[in-house]
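Residues per chain, in single letters:
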Amino acid sequence: MKKRAIHRVLIVTIVVLFLPIFSYTALQFMQSDKNQKLVQSIYDRQLDSILFSINQHCWDIFSTWLSEISSHSVTAYNNRSPQNINSALGEFVEMESVVSGAFLRVTPDLYYSYMDNRSVSKTSIKDNQFRVNADKIITDKQKVLERMIRLAKEGYVRPIAVQLDTMQSSDVPQSLLLFPIVDESFPINSAAFSGIIINNEKYVREIVARRFSSLNEGEFIFAVSDSRQDQFLYLSSEEKPDANFEKSQTLWILPHLDIKIKLSGTTLGEISKKQIQTNLLLLVAVNVLFIAGMAYLLRNTYKEMELARMKTNFVANVSHELRTPISLIRMYAETLEMGRIEGENKLKKYYRTILAETDRLSKLINNILDFSKIESNKKTYQMVRTDMKDLVEKALHIYHYHLQKNNFELDVHMTEHPVMLKVDPEAVTQAFVNLIDNAIKYSDSSQKIDINLNSHDNDVVLSVSDQGIGIPESEQDKIFDKFYRVGSSTVHNTKGSGLGLSLVKHIMQVHQGEVKLKSKPGEGSTFSLVFPTNQNQ
């Protein structure tokens, strides 16, 4: 019956839990390559998203510059106030740390600029080399600018990026962003042109790199390189990476610059492979844990079923243990009440029997009540200095009739001097009497019990020895469990609650001691209550 129940639990567990988990694990192993590509694709899209976000940020900044320059252009055309326009351009350049200069060409004759902190008026700019070069660029890019003007009228402005290396004496690489400005106040089919001169290194460091830093938490390495010279203008890592960047994209505003990105310390392929391996290892771990959990579940199920069986036996045994003394007490009491007993000796025998059965009944009930209190953590103990020698003598005196009735010979050996310990006398007496009671029950044909009380090293040892049936070594650790009884026919023919030794073990734990057992089948058993003296100082 028990095995069938365990088999049913095992089958249900496998079908409901283990089979789906195992199937999913097998599927993950078969699809590991596909999952690896999926992980790599996710990281790939993440890199694209970062590069796009950087480009979009740069474009938004240019849109802000465009709005401000356009406002100055309209003002310049309508008001024709060179001083105010030059001042506005100067404020713009000084406000933007990455901008080293700006010019506004409203018409070929109406030209304003601010460069290197020098305001240049339209009357003196004619001899400025930069204006000549700017005019040349506008002339050379005429067709492109015409198309840009048409797009600008539709609301879309995209600048032309021109390298200024040959136009400037400075060693610092700079770029010119040239773009048209259209407004309703301008003549039909005409437009103003504006230029913003950018310090490439500052632009990359203060705008591009800062945007990347806001998106990155140390997971990626980022770089900006000049495609013409094949050199890095910026690198987020202290050391130059030894592997190629996995993603590269042209900077929209400055097409000669490339922004590049890669995972720090690894590649997309490696990270995706590692991720899949980690997931598979976790799945294997889940399966192992599940198998261990299933084994634990089956073990606990078995133990619970065994405990239920022992509880059933406990109820049956206790019922028998209660019924026997109650029936005997009732029978003797009824006989005494009817006055059928003659002779003083016979009367005393009946009284002693009733008294003994009452003690036996009280001991059984006390065991059950104590066990209930222990299970509910309500059992309390009163520790007092007690002479163990006196405690043993009193317990043997109380139990004397029971021993005499069963014709047991008692051999007592105790030290001559008092043995003082701090114990709960009632609890220790109960443990001692339980051991004597077991010795009587399982002594078989040999009816002799040895009681020893002595000091050994730092311990006080109270032992009870019998010459009974003994206990197999395989059962010796289990007999102290609640409700457990040795699985032999000899034991099961002797009724008991299965609580006695469990209570003895608990009592000794409360006294910070232990109960020891030496036994061999057919040679008897010795139970020893070991009290540490160092806990009684």
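Use the structure listed above.
Worth saying up front: this structure is predicted, and the values here are computed from it rather than measured.

Draft legend 1. Main features of the overall build of the protein. Counting its regular elements, the protein contains 13 helices and 17 strands. Looking at the protein as a whole, 44% of its 537 residues are labelled buried. Sequence separation of at least 24 residues holds for 67% of the intrachain contacts in the protein that already meet a minimum separation of 6. Here the protein displays about 30300 Å² of accessible surface, and carbon together with sulfur accounts for 51% of that area.

Draft legend 2. Layout of the sheet that holds strand β16 (residues 514-520). Sheet architecture is open: five strands sit in the order β12-β14-β15-β17-β16, paired in mixed fashion. Only two strands of the sheet have a single partner each, and these edge strands are β12 (409-414) and β16. Ignoring strand direction, the axes of neighbouring strands in this sheet form an average angle of 15 degrees. Bridge count for strand β15 (residues 459-466) against strand β17 (residues 524-532) is seven bridges, and the pairing is antiparallel. Opposite S465, over in β17, you have T526 as the bridge partner.

Draft legend 3. Spatial organisation of the packing of helix α11 (residues 425-441) against helix α13 (residues 500-510). Relative orientation of the contacting elements α11 and α13 amounts to 145 degrees, with a least axis distance of 9 Å. The chirality of how α11 crosses α13 is left-handed. Two secondary-structure elements touch here, α11 through A427, V428, Q430, A431, N434, L435 and N438 and α13 through G500, L501, L503, V504 and I507. Here the residues of the contact of α11 with α13 are counted per class, giving eight nonpolar, four polar and no charged.

Draft legend 4. Representation of a positive patch on the surface within the structure. Together, K346, K348, K349 and R352 make up a region of like positive charge exposed at the surface. Looking at where R352 falls in the secondary structure, it is placed in helix α8 (residues 344-375).

Draft legend 5. Structural detail: the pattern of salt bridges. In this structure the tally under the stated criterion is seven salt bridges. Across the pair K516 and E514 runs a salt bridge whose closest N-O atoms are separated by 3.8 Å. Taking the relative accessible area as the measure of exposure, E514 reaches 41% and is therefore partly exposed. One connected set of salt bridges, linked through shared partners, spans D44, D48 and K247.

Draft legend 6. Highlighting helix α6 (residues 200-215). Here α6 contains 16 residues, and its C-alpha end-to-end distance of 22 Å stays within 8% of the 22 Å for a straight helix at 1.5 Å per residue. The axis of α6 is deflected most strongly, by about 35 degrees, at A209. The N-capping residue of α6, defined by a side-chain oxygen 3.2 Å from the backbone nitrogen of E201, is N199.

Draft legend 7. Examining the nonpolar core more closely. Judged by nonpolar contacts, the single largest core of 47 residues is most densely connected at W65, Y203 and V208. For this core, the leading source of residues is helix α2 (residues 32-79), giving 12 residues. Judged by nonpolar contacts, the second largest core, of 39 residues, contains F432, I436, I451 and V460.

Draft legend 8. Seen up close, the sheet that holds strand β9 (residues 247-250). One open sheet accounts for four strands, arranged β8-β7-β10-β9; its pairing is antiparallel. Sheet topology places β8 (231-235) and β9 at the edges, where each strand pairs with a single neighbour. Averaged over all neighbouring strand pairs, the angle between strand axes comes to 25 degrees, with direction disregarded. Contacts from α6 reach β7 (220-226), β8 and β10 (257-263), with the element oriented near 150 degrees to β7.

Draft legend 9. Representation of the side chain of S175 in the model. Its place among the elements puts S175 in strand β5 (residues 174-181). On the accessibility criterion, S175 (0% relative accessible area) is buried. Reaching out from S175, the side chain makes a polar contact with the side chain of Q163 at a distance of 3.0 Å. Leave out the neighbours within four places in its chain, and S175 touches V162, Q163, L164, I196, I197, I198, N200, L254 and H256.

Draft legend 10. Representation of the packing of helix α9 (residues 388-398) against α11. Viewed as axis vectors pointing N to C, α9 and α11 meet at an angle of 55 degrees, and their least axial separation amounts to 10 Å. On the basis of the axis angle, α9 is oblique to α11. Here α9 runs over α11; the crossing is right-handed. Contact residues: α9 offers M388, L391, V392, A395 and L396, while α11 offers P425, V428, T429, F432, V433 and I436.

Definitions and cut-offs
- Residues numbered from 1 in each chain as written.
- Predicted model: local features only at pLDDT ≥ 70, side-chain atom pairs only at ≥ 80, totals over all residues.
- Heavy atoms only, no water.
- Helix = DSSP H or I, 4+ residues; strand = E, 2+ residues; numbered from the N terminus.
- Buried < 20%, exposed > 50% of the residue type's maximum accessible area, 1.4 Å probe, protein only.
- Contact = heavy atoms within 4.5 Å.
- Areas by Shrake-Rupley, 256 points an atom, 1.4 Å probe, with all protein chains shown as cover.
- Pairing = 2+ DSSP bridges.
- Axes fitted to C-alpha atoms, helices over the stretch in contact; angles between N-to-C directions.
- Left-handed = near helix turned anticlockwise from the far one by under 90°.
- Nonpolar A, V, L, I, M, F, W, Y, C, P; charged D, E, K, R; others polar.
- Patch = residues over 30% accessible without salt bridge, like charges linked within 9 Å, V, L, I, M, F, W, Y side chains within 5 Å.
- Salt bridge = Lys/Arg side-chain N within 4 Å of Asp/Glu carboxyl O.
- Lys, Arg positive; Asp, Glu negative; His and termini not counted.
- Charge placed at Lys NZ, Arg CZ, Asp CG, Glu CD.
- Expected span 1.5 Å × (residues − 1).
- Bend = angle between axes of the 7 residues up to and from the residue.
- Polar contact = N/O pair within 3.5 Å; in protein donor to acceptor, adjacent residues only side chain to side chain.
- Core = buried A, V, L, I, M, F, W, Y, C linked by side-chain atoms within 4.5 Å.
- Parallel < 35°, antiparallel > 145°, perpendicular 65-115°, else oblique.

Worth remembering: the numbers are spatial, not functional.
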